[in-house]
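# Survey of secondary and tertiary structure
Chain by chain, the residues run as shown.
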Amino acid sequence: MTNLEEALGKIDVLAADASPAAPSNAALDAEINEQFAGAVVRKDLVKAVRGNAVVPSYVLEYLLGQYAASDDEATIQAGIESVRKILANHYVNRNEHMLVKSVIRDKGRHRIIDKVTVTLNEKADVHEAEFENLQIRNVIIDDLTVKRNPKLLVGGVWCICDIEYLHSEEQGGVPWVLGSLKPIQVAGVDVDHYYEARKAFTTDEWIDLLMQSIGLNPDQFNERGKLIALTRLIPFVERNYNMVELGPKGTGKSHTFSEFSPNGILISGGEVTLAKLFVNNASGRIGLVGYWDCIAFDEFAANKRTDQNLVNVMKNYLANKTFSRGTSIFGAEASMVFIGNTTHTVPYMLKHSDLFDELPDAYRDPAWLDRIHHYIPGWEVAPIRSEMFSTGYGFVVDYLAEVLRAKRSEDFADRYKDYFTLDNSISTRDQEGIRKTFSGLMKLIHPSGSATEDEVRTLLEFAIEGRKRVKDSILRIDPTMRDTPIQFRYSDAAGSWREVKTLEEMQYPQLYLREWDAAIDADEAADAATMTAPPSVPGSVTASSAEGSELPSAPPTEELEEGHRDFVAGQHGVSYENLLLPYLRGASVITITDPYIRAPHQGRNLADLLSLLAVAKDDAEEIDVLLVTSEETKDEFKASQIVMLKSIRDASAAVGIRMNVRFDESIHDRRIETDHGWRIDLGKGLDIWQKPSDNQFDFARGRQEFRRIRQAFSVHYVRV
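Residues numbered from 1 in each chain as written. Predicted model: local features only at pLDDT ≥ 70, side-chain atom pairs only at ≥ 80, totals over all residues. Heavy atoms only, no water.

### Structural notes on the overall build of the chain
- For the chain, the helix and strand inventory stands at 27 helices and 25 strands.
- On C-alpha atoms alone, the chain measures out to a radius of gyration of 29 Å, which is about the 27 Å that the 2.2 N^0.38 rule sets for 720 residues.
- Expressed along its principal axes, the backbone C-alpha trace of the chain runs to roughly 85 × 65 × 55 Å.
- Taking as baseline every contact in the chain between residues at least 6 positions apart, the subset at least 24 positions apart corresponds to 75%.
- Across the chain, 81 positive and 109 negative side-chain charges occur, with their mean positions spaced 3 Å apart. (Helix = DSSP H or I, 4+ residues; strand = E, 2+ residues; numbered from the N terminus. Rg over C-alpha atoms; globule rule 2.2 N^0.38 Å. Contact = heavy atoms within 4.5 Å. Lys, Arg positive; Asp, Glu negative; His and termini not counted. Charge placed at Lys NZ, Arg CZ, Asp CG, Glu CD.)

### Description of the sheet that holds strand β8 (residues 242-247)
- Pairing is parallel in the open sheet, where five strands are placed in the order β9-β10-β13-β8-β14. Bordering the open sheet on either side are β9 (264-268) and β14 (374-377), each of which pairs with just one other strand. Neighbour to neighbour, the strand axes of the sheet diverge by 20 degrees on average, direction disregarded.
- Sheet topology note: the β8/β14 ladder contains four bridges and is parallel. Bridge assignment links Glu-245 to a residue of β14, and that residue is Ile-376. (Pairing = 2+ DSSP bridges. Axes fitted to C-alpha atoms, helices over the stretch in contact; angles between N-to-C directions.)

### Details of the packing of helix α11 (residues 223-231) against helix α19 (residues 428-445)
- Viewed as axis vectors pointing N to C, α11 and α19 meet at an angle of 100 degrees, and their least axial separation amounts to 10 Å. Considered as vectors, α11 and α19 are oriented roughly perpendicular to each other. In contact with Leu-227, Leu-230 and Thr-231 of α11, α19 contributes Leu-441, Leu-444 and Ile-445.
- Along the lines of polarity and charge, the residues of the contact of α11 with α19 split into five nonpolar, one polar and no charged. (Parallel < 35°, antiparallel > 145°, perpendicular 65-115°, else oblique. Nonpolar A, V, L, I, M, F, W, Y, C, P; charged D, E, K, R; others polar.)

### Things to note about the pattern of salt bridges
- Taken as a whole and assessed by the stated rule, the structure comprises 49 salt bridges.
- Of the charged contacts, one joins Arg-224 and Glu-465 as a salt bridge, the two residues approaching to 2.6 Å between their closest N and O atoms. Within this pair, whereas Arg-224 is found in helix α11, its partner Glu-465 is found in helix α20 (residues 453-477), the two being separated by 241 residues in sequence.
- Among the ionic contacts, a cluster of salt bridges with common partners joins Arg-224, Glu-380, Glu-465, Arg-469 and Glu-504. (Salt bridge = Lys/Arg side-chain N within 4 Å of Asp/Glu carboxyl O.)

### Things to note about the environment of Ile-163
- Among the structural elements, Ile-163 can be located in strand β6 (residues 157-165).
- Residue Ile-163 is classed as buried on the basis of its relative accessible area of 0%.
- Sequence-distant contacts of Ile-163, defined by excluding residues within four places in its chain, comprise Ile-104, Gly-108, Arg-109, His-110, Ile-112, Phe-131, Trp-176, Val-177 and Leu-178. (Buried < 20%, exposed > 50% of the residue type's maximum accessible area, 1.4 Å probe, protein only.)

### With respect to the packing of aromatic side chains
- Applying the stated criterion to the full structure yields 35 aromatic pairs.
- Arranged with centres 5.0 Å apart and planes meeting at 55 degrees, the rings of Tyr-576 and Trp-689 form a pair that is tilted. With Tyr-576 in helix α24 (residues 576-579) and Trp-689 in the loop between β24 (678-682) and β25 (713-719), this pair connects stretches of sequence that are 113 residues apart.
- Connected via pairs of aromatic rings, a cluster forms that spans Phe-36, Tyr-194, Tyr-195, Phe-201, Trp-206, Phe-395 and Tyr-399.
- When the ring centre of Trp-497 is taken as origin, the NZ or CZ atom of Arg-489, which lies over that ring, is 4.1 Å away. (Phe/Tyr/Trp six-rings, centres within 6.5 Å; stacked < 30°, edge-to-face > 60°. Lys NZ or Arg CZ within 6 Å of the ring centre and 35° of its normal.)

### Considering the sheet that holds strand β17 (residues 489-491)
- On the basis of which strands lie adjacent, the open sheet formed by three strands has the order β16-β17-β18 and antiparallel pairing. The outermost strands of the open sheet, each flanked by one partner alone, are β16 (421-422) and β18 (497-499).
- Strand contacts of α20: β16, β17 and β18, with the helix running at about 155 degrees to β17, the strand carrying the most contacts.

### Section: the nonpolar core
- Counting residues in each nonpolar core, the largest one holds 87 residues, and the members touching the most others are Phe-36, Phe-395 and Leu-460.
- Setting aside chain neighbours within four positions, we find Phe-395 in contact with Phe-36, Ala-39, Val-40, Lys-43, Glu-61, Tyr-194, Trp-206, Leu-209, Leu-210, Ser-213 and Leu-400. (Core = buried A, V, L, I, M, F, W, Y, C linked by side-chain atoms within 4.5 Å.)

### Let's talk about the state of the cysteines
- Taken as a whole and assessed by the stated rule, the structure comprises zero disulfides.
- In this structure Cys-159 is not part of a disulfide, and its nearest cysteine sulfur, from Cys-161, lies 4.9 Å away.
- Owing to a relative accessible area of 0%, Cys-159 belongs among the buried residues under this scheme.
- Accessibility expressed as a relative area gives 0% for Cys-161, which makes it buried. (Disulfide = S-S within 2.5 Å.)

### Quick look at the packing of helix α26 (residues 600-616) against helix α27 (residues 635-653)
- Packing of α26 against α27 leaves a shortest axis separation of 10 Å and a crossing angle of 15 degrees. Judged on the interaxial angle alone, α27 and α26 are roughly parallel. Of the two elements, α26 crosses α27, and the hand of that crossing is right-handed. Mapping the contact onto sequence places Pro-600, Gly-603, Leu-606 and Leu-610 in α26 and Met-644, Leu-645, Ile-648 and Ser-652 in α27.
- Classifying every residue of the contact of α26 with α27 by side-chain character gives six nonpolar, two polar and no charged. (Left-handed = near helix turned anticlockwise from the far one by under 90°.)

### Notes on the confidence of the model for the chain
- Across the chain, the average pLDDT comes to 87, with 91% of residues at or above 70.
- Counting contacts from residues 19-23, a segment whose pLDDT is below 50, to residues more than four positions away or on other chains yields five contacts.
- Note on residues 518-551: pLDDT under 50 across the span, and 37 contacts to partners over four residues away in sequence or across chains. (pLDDT = per-residue confidence, 0-100.)

### Regarding the side chain of His-446
- With respect to the helices and strands, the residue His-446 is situated in the loop between α19 and α20.
- Setting aside anything within four residues of it in sequence, one finds His-446 in contact with Arg-198, Thr-203, Phe-412, Leu-441, Ala-451, Glu-455 and Leu-459.

### Here we look at helix α3 (residues 26-35)
- Looking only at α3, the buried set comprises Leu-28, Asp-29, Ile-32 and Asn-33. Axial view of α3: buried residues confined to an arc of 135 degrees, hence all on one face. When the buried face of α3 is taken as reference, the exposed residues oriented beyond 90 degrees from it are Ala-26, Ala-27 and Glu-34.
- If you follow the buried residues of α3, they end up packed against β2 (40-42), α10 (203-213) and β15 (393-395). (Arc of directions from axis to C-beta.)

### A few points about helix α18 (residues 397-406)
- Among the ten residues that make up α18, eight are buried, leaving the element largely enclosed by the rest of the structure.
- Among the residues making up α18, those that are buried are Val-397, Asp-398, Tyr-399, Leu-400, Ala-401, Glu-402, Val-403 and Leu-404.
- Considering only its buried residues, α18 is in contact with α5 (57-67), α9 (191-198), α10, α12 (234-237), β15 and α19.

### What to know about the pairing of strand β21 (residues 623-629)
- Burial analysis of β21 places five of its seven residues in the buried class, which makes it a mostly covered element.
- Running through α27, the crossover from β21 to the neighbouring parallel element strand β22 (residues 657-663) is right-handed. (Right-handed = clockwise from strand over helix to strand, strands pointing away.)

### Observations concerning unusual backbone geometry
- Residues other than glycine seldom take positive phi values, yet Asp-125 does so here, at roughly 60 degrees.
- As for its position among the elements, Asp-125 is in the loop between β3 (109-121) and β4 (126-131).
- Looking at Asp-125, the relative accessible area reads 61%, which means it is exposed.
- Despite not being glycine, Lys-321 has its phi angle at roughly 65 degrees, a positive value.
- Summarising the element assignment, Lys-321 is placed in the loop between α15 (308-320) and β11 (322-325).

In structure tokens:
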């Protein structure tokens, strides 16, 4: 017996889910290569050369930029082979460190690619290097090299190094000698050429180029999705920018911060200390904020152990860009990003708490939250799939990282004032959040600072929405901040005002706009839902968009009875809605036991049932579903089953159905059990219909009632 997580760990999900890549935009790729020759690379090459090298993408792209930065196929293939040879000969695989050490000893000198961290040995008054994968330490490194590369002292840097072997009879002596060290990063960029080349692209083309540069296929994202993805880059281009992203697992929240730039560092939220982040009182050495452009805290919501002193110092830093330790006051420019997973749906959080519900209690302090400039709605981001990765050309990420770093000293925060004016009720801190987000997006999309009125409007509204999401959650937490009403709106040159709302505010008005002091119970929420129907929004689930069928409404209350129903082959008019839903409605925990959820049509049946449960429940409630099934026995189909179940789980979680899967090879019976007293024995399980015809317009494809029963079966309803 195992569960879905264990099964997922045994396969490459993206490889198993791979589908033919959509053709890249050839015209755009040609323009990219013409304007940025030598500074771009085809993004799918990273996977081609990675092999078993566990290195960030920017390291691989640095090498590809040296050997395969071309649109000539022969040059690309030769470059790929060169990079593969370099990795094979010089990258240190952690489990082969003894072999590499032996090679260094035999040759006397050998070049390696490894992550290097430096510490100061106060007793010996020397700097010493530690090589992560090679697993050697106490290697003397000269002070000048450390001074030129201070990041070696905090977090470590990927480098190309020459290591020499010189055995010493001296007790405690280290035989390793550092011959040379070169950090993996571009030497410099021509920002003026960057500005000039930008003129050759339309705004949409430039956004697509940026999307491809961070490894994403722009064809898989709408305009809003692209803005959300690019917002993750703002901390690299804007000084002291504070951002939160909370959302479901598997949406690529941490990818940008771990893979994109050598100027950022991703750390576990639970691993950070006051000394590591800010300054070590004992040594006086500045921490991470003094050396990195962006510090991202991964799994931040899962960190329940917090240091209140750290919270307090961080609070001051987020607001004032300074921190004090002992008698000294320090300043720094590092932006901070807080990433975490949500376990509840948006309507659930809106009804029972707020959008910061997942954060540790110490960080749900309104004063701390008020320092956050923007909240990325991670629940709007689709789980990462293979087709979402780019196959087109994009900047070598190290090149783009250096351009963004060069633009950190610029300020585009006031560029919207040529067209628009913010409402006077918006506080100074709220305005700062809006302005910094707007400035960052302008630097990314319009690096010269020039944009049309409509382009400025789009970025300004998105910036306002992200800060409003922060402020509205703070108002739920702290009643004392509600005394001064705020209108998140702006006016144009003609004096016309436009109010900005968050997407969740438009989608769930009955939950978002509830009275502050009134806790809405289930009945009140239902009443509010009937009084105020949410407007249609892109991506929302509505009756008209549900697989060609109307969503089931709650039937008049009726007394359910025990008994059984018999069905014969060829019969139609049978659906989960009339067969199962009446007995499942109102349950909060449901166990589905069916050994055959393997083939795509069986997965479709399961998804149909879960979607019925989702629309039959209150938006703000959640249902736990446990699927007990058996694992596919044929190896060639096993990975497809695992990926299918993961996809169903991800889709269900987005609408408040929390599905877990347990594999059990001993089961034979097929049944559904609920926590409110019913067991439904299914003679044939969920797979009861004949396969629909190949006619894509066959009504049976969209409505179960038009499908014919495959074999005779019975269903028993038992009260337990």
